There are 2 protein chains.
Amino acid sequence: MLKLTKKVDYALLAMHFMGHQDMDQVSTIRDISENYQIPMEILAKVLQKLSKKGLLQSHHAPKGGYTLKRPIREISILEVINAVEGPIGILSCSEGQDKVCQQIENCDIRSPLERIQGKILWLLENMSLEELSQAVPTTGGVIHGSFDLLGQPRYH
Amino acid sequence: MLKLTKKVDYALLAMHFMGHQDMDQVSTIRDISENYQIPMEILAKVLQKLSKKGLLQSHHAPKGGYTLKRPIREISILEVINAVEGPIGILSCSEGQDKVCQQIENCDIRSPLERIQGKILWLLENMSLEELSQAVPTTGGVIHGSFDLLGQPRYH
DNA sequence: TGATAACAGACCAAAATGGTCTGCGATTAC
DNA sequence: GTAATCGCAGACCATTTTGGTCTGTTATCA
């Protein structure tokens, strides 16, 4: 229920891993899977998807591996999710066009839920992988009068 | 992936249904399931959970059924979700305490993801069931200089 | 006291998810 | 040129989650 999949977790970890190396340094599946204890085969598939979607550059050869195609600050969480799981929809009726939702004609709550969904997507789209590296500030340091998108105070 | 379950859909629809009747008018499972084409048995369980959590008042007797315990404007989407599915966590490692996440010790992305989760919960907590009834404005009518929590314009 | 409503839980089927296995294709160091 | 090292591809399977069914019980009231 409203949960990210393991594959997304793995993708985020892998991207994060590569983001903390030189742009031109290759990382192999083995490197990453050993670092995070992720099964190699499944990580392989995840990285394949990421490279198909243009987030990674693959280089198959000895001494090959993957590199980032863009710096992590230019890649959003949403892009990663979309790459490995396809477009997301929180509505249970938003999946296949073939199957028809039984409730659709009487469903008066659809459009408001879509608004919520839009906001969630907005959140994910506007958080970059770079921010995944930033620890959350613990004490003090608020910037007076400055608030983020959810009305929470910004920190120095 | 990041999707609401049918049970939550059913719960929201049922609450919405009851919200548009007099507070003291009872609705039966049959009423609601017929209105939305929802299987009776499963709707029954959903409503049971809602009444156990104190969102509904049940009255079992002939001419009995369910009534809302509070007006819908005082009930958040999050409350409904929590009632039927339990507390939500977008992290795939946030489930059971018994199972240990393989990546936990090297997981450097946990706390940022928890921030995202917090924001999503905030969204769901701050949208009431009443808002589920409000259609989204289509054209014009923006209030100049007024924006909602996501920086989107407010409407008249 | 029996009809009508909710309550309870075992049970099952389908789908999503996480993971394994097996083999192929590309590149390059030697 | 060829063998080692890397990614690519897809069939396959086990587990978990989800959606739904079935059977029977309990409470209330006309």
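Heads up: these notes are all about the structure in this document. (Residues numbered from 1 in each chain as written. Chains lettered and ligands numbered in written order. Predicted model: local features only at pLDDT ≥ 70, side-chain atom pairs only at ≥ 80, totals over all residues. Heavy atoms only, no water.)

## Describing the interface of chain B and chain A
Alright, step 1. Taken residue by residue, the interface counts 50 residues in chain B and 50 residues in chain A.
Alright, step 2. The interface formed by chain B and chain A holds zero salt bridges in total.
Alright, step 3. At the junction of chain B and chain A, the tally comes to 16 residue pairs in polar contact (both at pLDDT 80 or more).
Alright, step 4. Counting residues per element, the ones that place at least two in the side of chain B that touches chain A are α1 (6-19), α2 (29-36), α4 (77-85) and α5 (110-125) of chain B.
Alright, step 5. In terms of residue count, α5 of chain B provides more of the side of chain B that touches chain A than any other element does, ten residues in total. (Contact = heavy atoms within 4.5 Å. Salt bridge = Lys/Arg side-chain N within 4 Å of Asp/Glu carboxyl O. Polar contact = N/O pair within 3.5 Å; in protein donor to acceptor, adjacent residues only side chain to side chain. Helix = DSSP H or I, 4+ residues; strand = E, 2+ residues; numbered from the N terminus.)

## Observations regarding the packing of α2 of chain B against helix α3 (residues 40-52) of chain B
Residues and elements named next belong to chain B.
Alright, step 1. Closest axis-to-axis distance for the α2/α3 pair is 10 Å, and the angle between their directions is 120°. Classed by the angle they form, the pair α2 and α3 counts as oblique. Seen along the crossing, α2 lies across α3 with a hand that is right-handed. Residues I29, R30, I32 and S33 of α2 form the contact with α3, whose participating residues are M40, L43, A44 and L47.
Alright, step 2. Here the residues of the contact of α2 with α3 sort into six nonpolar, one polar and one charged. (Axes fitted to C-alpha atoms, helices over the stretch in contact; angles between N-to-C directions. Parallel < 35°, antiparallel > 145°, perpendicular 65-115°, else oblique. Left-handed = near helix turned anticlockwise from the far one by under 90°. Nonpolar A, V, L, I, M, F, W, Y, C, P; charged D, E, K, R; others polar.)

## Some details on the relation of the copies chain B and chain A
Alright, step 1. Least-squares fitting of chain B to chain A yields an RMSD of 0.0 Å, with the transformation described by 0.0 Å of translation along the axis and a rotation of 180°. Taken together, these values place the two copies in the relation of a two-fold axis. Rotation axis and chain B: the residue whose C-alpha lies nearest the axis is L2 of chain B, separated from it by 1.9 Å.
Alright, step 2. Taken together, the interface assignments show that 100% of the residues at the interface of chain B recur at the interface of chain A, consistent with an identical surface on both copies. (Least-squares fit on C-alpha atoms with pLDDT ≥ 70 in both.)

## Quick look at unusual backbone geometry
All names here are of chain B.
Alright, step 1. Here L2, not a glycine, exhibits a phi torsion of approximately 60°, which is positive.
Alright, step 2. If you check the backbone angles, K63 has positive phi at about 65° while not being a glycine.
Alright, step 3. Of the residues examined, K63 reaches a relative accessible area of 80% and is grouped as exposed. (Buried < 20%, exposed > 50% of the residue type's maximum accessible area, 1.4 Å probe, protein only.)

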